[in-house]
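Overview (structure and organization)
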Amino acid sequence: SCHKGQKIAVIGSTGSGKSTLVKLMNRFYDVSRGLIEINGVDIRKYNLESLRTQIGYVAQKAHMFKGSIQSNICFGKPEASVEEMVHAATVAQASEFISTREHGYEDEIAEDGTNISGGQKQRLSIARVILKKPSLYIYDDSFSALDFKTDKDLRMKLKEIENMTIFLISQRTSSLTNCDKILVLDHGELVAQGTHEELLKNCKLYQDIHYCQFEREETK
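Reading guide: rules and limits
Residues numbered from 1 in each chain as written. Predicted model: local features only at pLDDT ≥ 70, side-chain atom pairs only at ≥ 80, totals over all residues. Heavy atoms only, no water. Helix = DSSP H or I, 4+ residues; strand = E, 2+ residues; numbered from the N terminus. Rg over C-alpha atoms; globule rule 2.2 N^0.38 Å. Buried < 20%, exposed > 50% of the residue type's maximum accessible area, 1.4 Å probe, protein only. Contact = heavy atoms within 4.5 Å. Core = buried A, V, L, I, M, F, W, Y, C linked by side-chain atoms within 4.5 Å. Phe/Tyr/Trp six-rings, centres within 6.5 Å; stacked < 30°, edge-to-face > 60°. Lys NZ or Arg CZ within 6 Å of the ring centre and 35° of its normal. Pairing = 2+ DSSP bridges. Right-handed = clockwise from strand over helix to strand, strands pointing away. Polar contact = N/O pair within 3.5 Å; in protein donor to acceptor, adjacent residues only side chain to side chain.

**Some points on the overall build of the protein**
Tallying secondary structure elements over the protein gives 9 helices and 10 strands in all. At 18 Å, the protein has a C-alpha radius of gyration in line with the 17 Å of a compact globule built from 220 residues. Principal-axis analysis of the C-alpha atoms places the extent of the protein at approximately 50 × 50 × 30 Å. Counting across all 220 residues of the protein, residues that qualify as buried make up 46%. Expressed as a percentage of contacts within the protein between residues at least 6 apart in sequence, the contacts between residues at least 24 apart total 65%.

Shown next as structure tokens:
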């Protein structure tokens, strides 16, 4: 269960079912058993367009469209004002690199964003979703190409948005410390749930993931 304004994280090894979970929430395919509810309603009873209007989904592999930076950010809300667009870009930590482009927000993006970096693509995709203002935000490992400072700054900005309900998939335990609940998946099963501190005490799989990363960072 997740309540309005909560931040829920999902973590687990490759193939544990993290992306499958959020794809089921988006109805990219349907559950074979059980059900998923939003506001107490089985998502299979929603009109598909209505359901996906409520959800802002950012995949790990960010897709860019040929056109300007502005048209990419405003893709889901073309009527947005300049102020709304700039605010979304600022929250997503994209405004700084946009300001260095020759034509700013009017600068051209190549098909699939081949002329910008992976981290820049992720930030523009995050800005696109923030501008949309959905009921539920799903970030599917979509901070993976960000450096740790940008990741931290972005998470701090997201905290400032009231009533933002987030599902966050991440392999970085450092990104999960302020989550209300962390779900630990293993081979398609929910094996533990709790806060960062609780899981460090009680979940060996989470401990292994965390301390492996901690030691890796220490050796850099």
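**Examining the nonpolar core**
If you look at the biggest cluster of nonpolar residues, it comprises 44 residues, and the most contacted ones within it are Ile73, Ile98, Leu124, Tyr139, Leu158 and Tyr206. Considering each element in turn, this core owes the most residues, 6 residues, to helix H6 (residues 118–132). If near-sequence neighbours (up to four positions away) are discounted, Tyr206 is found in contact with Ile11, Thr173, Leu176, Ile182, Val184, His196, Leu199 and Leu200. Core analysis: the second largest hydrophobic core is formed by 15 residues, Met25, Ile38, Ile43 and Leu185 among them.

**Things to note about the packing of aromatic side chains**
For any two aromatic rings, the description comes down to two numbers: the centre-to-centre distance and the angle of the planes. According to the stated counting rule, one finds 4 aromatic pairs in the structure shown. Considering the side-chain rings of Phe28 and Tyr57, the 5.7 Å spacing of their centres and the 70° angle between planes classify their relative orientation as edge-to-face. Of this pair, Phe28 sits in the loop between helix H1 (18–25) and strand E2 (37–38) while Tyr57 sits in strand E4 (residues 55–58); the two residues are 29 residues apart in sequence, bridging distant segments of the chain. Owing to a relative accessible area of 40%, Phe28 belongs among the partly exposed residues under this scheme. Ring centres 4.2 Å apart and planes at 15° place the aromatic pair Phe65 and Phe75 in the stacked group. Highlighted residues: Phe65 in the loop between E4 and strand E5 (67–68) and Phe75 in the loop between helix H3 (69–73) and helix H4 (82–91), separated in sequence by 10 residues. Among the aromatic residues, those joined into a cluster by ring pairs are Tyr137, Tyr139 and Phe143. The ring of Phe148 has Arg172 lying over it, and the distance from NZ or CZ to the ring centre is 4.3 Å.

**Structural notes on unusual backbone geometry**
Positioned with a positive phi, Asp112 is a non-glycine residue whose angle comes to about 65°. Relative to the elements of secondary structure, Asp112 occurs in the loop between strand E6 (108–109) and H6. We classify Asp112 as partly exposed; its relative accessible area is 23%.

**Things to note about the pairing of strand E7 (residues 136–140)**
Buried residues dominate E7, accounting for 5 of its 5 residues. Of the two faces of E7, both are covered, the one formed by Leu136, Ile138 and Asp140 as well as the one formed by Tyr137 and Tyr139. Where E7 and strand E8 (residues 165–169) come together, 5 bridges link them in parallel fashion. In the sheet register, Ile138 faces E8, and the bridge partner there is Phe167. For the handedness criterion, the β-α-β arrangement of E7, helix H7 (residues 148–159) and E8 is classed as right-handed.

**Section: the side chain of Thr173**
Note on placement: Thr173 falls in the loop between E8 and strand E9 (181–186). At 2.7 Å, the side chain of Thr173 and the side chain of His210 are in polar contact. When residues no more than four places from it in sequence are discounted, the contact partners of Thr173 are Ile11, His196, Tyr206, Ile209, His210 and Gln213.

**Examining the side chain of Ser175**
Relative to the helices and strands, Ser175 resides in the loop between E8 and E9. At 3.0 Å, the side chain of Ser175 and the side chain of Asp151 are in polar contact. Among residues more than four places away in sequence, those in contact with Ser175 are Lys7, Asp151, Arg155, Leu168 and Ser170.

**Observations concerning the environment of Asp112**
For the pair formed by Asp112 and Gln207, sequence separation is 95 residues and the distance between their alpha carbons is 37 Å. Discounting residues that sit within four places of it in the chain, Asp112 has contacts with Lys61, Ala62, His63, Met64 and Lys121. One polar contact links Asp112 to His63, side chain to side chain, over a distance of 3.1 Å.

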